[in-house]
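# Coordinate analysis (summary)
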Amino acid sequence: HNLVFTSTMKFLFVALALLATATNAFVPTRALPRGVSRVTRGGAVNMVEITKGVNFDTVAREWRMKWSPDDDKASLQEIQKVVDDVTGTLKGLDGVKDVQRIVCGGCLDYKLVTSLDADKFGQWEEAGFAPEDEFLTKVKAIPGVSLVETQTFTIMPL
């Protein structure tokens with residue numbers, strides 16, 4: 001029975017460790033997940049290496065939703081008003097590199113992408129990506145807005 005218990009405990013410990021590192025695989029913190037390392041290119045830029053040849057120094061948070069063409073695109077106009085209200089806050093984040101808007105008239109997508117230095121992104125994450133909750137609550141209340149989602153990813157020019 002002790003052998004079964006010990007094996008089960010080891011399995012649970014490994015599974016929990018993998019789960020914990022998987023949720024922040026792209027977010028550099030003081031202790032990087034196993035298999036992710038920092039590399040320096042010519043001493044100038046502190047990059048994070050996911051695997052050989054896949055490096056990054058920028059992490060982005062995307063807020064996305066679908067809008068409706070109804071009522072002369074009223075939902076799109078209302079989304080933009082909410083975005084205008086938070087743009088200054090986002091541009092003022094420590095380590096912010098860029099705040100971009102993506103709008104597709106064909107698939108009715110609206111995306112707001114905030115990119116930060118990888119070394120600063122964790123601080124914003126710990127703060128709950130403020131003002132994310134307020135922003136999401138406001139856009140979800142707009143008639144015609146649907147599929148409101150968020151995503152974190154790395155982004156790099158090639």
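Residues numbered from 1 in each chain as written. Predicted model: local features only at pLDDT ≥ 70, side-chain atom pairs only at ≥ 80, totals over all residues. Heavy atoms only, no water.

## Points about the sheet that holds strand β7 (residues 146-154)
Let me state the cut-off plainly: Paired strands, as defined in this entry, are two strands with at least two bridges between them according to DSSP. Note on conventions: DSSP H or I runs of at least 4 residues are helices, E runs of at least 2 residues are strands, and numbering of each starts at the N terminus. Under this scheme, a helix contributes an axis fitted over its contacting stretch, all axes are lines through C-alpha atoms, and angles between N-to-C directions fall in the 0 to 180 degree range. We call two residues contacting when some pair of their heavy atoms lies within 4.5 Å.
Here we have four strands laid out as an open sheet, ordered β5-β6-β4-β7, and antiparallel in their pairing. Strands with a single pairing partner mark the edges of an open sheet, and in this sheet they are β5 (96-104) and β7. When the angles between neighbouring strand axes are averaged without regard to direction, this sheet yields 15 degrees. One ladder, built from nine bridges, connects strand β4 (residues 58-66) with strand β6 (residues 109-117); its direction is antiparallel. In the strand pairing of β6, K66 is matched with D109. Packing of helix α3 (residues 118-126) onto the sheet brings it into contact with β4, β6 and β7, and relative to β6 it is tilted by some 115 degrees.

## Here's the deal with the environment of V139
We apply this condition: Any residue under 20% of the maximum accessible area for its type is buried, any over 50% is exposed, and the rest in between are partly exposed; the area is computed with a 1.4 Å probe on protein chains only.
Here V139 is to be found in helix α4 (residues 132-140). Given the relative accessible area of 0%, V139 is considered buried. Counting along the chain gives 56 residues from V139 to V83, while the straight-line C-alpha distance between them is 9.1 Å. When residues no more than four places from it in sequence are discounted, the contact partners of V139 are M65, V82, V145 and V148.

## A short note on α4
Cut-off, in case you're wondering: The directions considered for the arc are those from the helix axis to the C-beta atoms.
Every buried residue of α4 is listed here: E132, F135, L136 and V139. Looking straight down α4, one finds its buried side chains confined to an arc of 95 degrees; they lie on one side. For α4, exposure combined with an orientation more than 90 degrees from the buried face picks out D133 and T137. Looking at the packing, one finds that the buried side of α4 touches β4, α2 (70-91), β6 and β7.

## Quick notes on the pattern of salt bridges
To be explicit about the condition: Any carboxyl oxygen of Asp or Glu that lies within 4 Å of a side-chain nitrogen of Lys or Arg is treated as forming a salt bridge with it.
For the structure shown, the criterion picks out nine salt bridges. Salt bridges sharing common partners tie together D57, K97 and D117.

## So, the confidence of the model for the protein chain
Operational definition: Per-residue confidence from the predictor is reported as pLDDT, a score between 0 and 100.
Across the protein chain, the average pLDDT comes to 82, with 72% of residues at or above 70. Confidence drops under pLDDT 50 across residues 39-44; counting only partners more than four residues distant or on other chains, this segment forms 10 contacts.

## What about the pairing of β5?
Relative to β6, β5 runs antiparallel, the two being bridged by eight bridges. Considered in β6, the bridge of I102 is made with K111. Counting the residues that bridge the hairpin from β5 to β6 gives four residues, and of these L108 lies at a positive phi of roughly 65 degrees.

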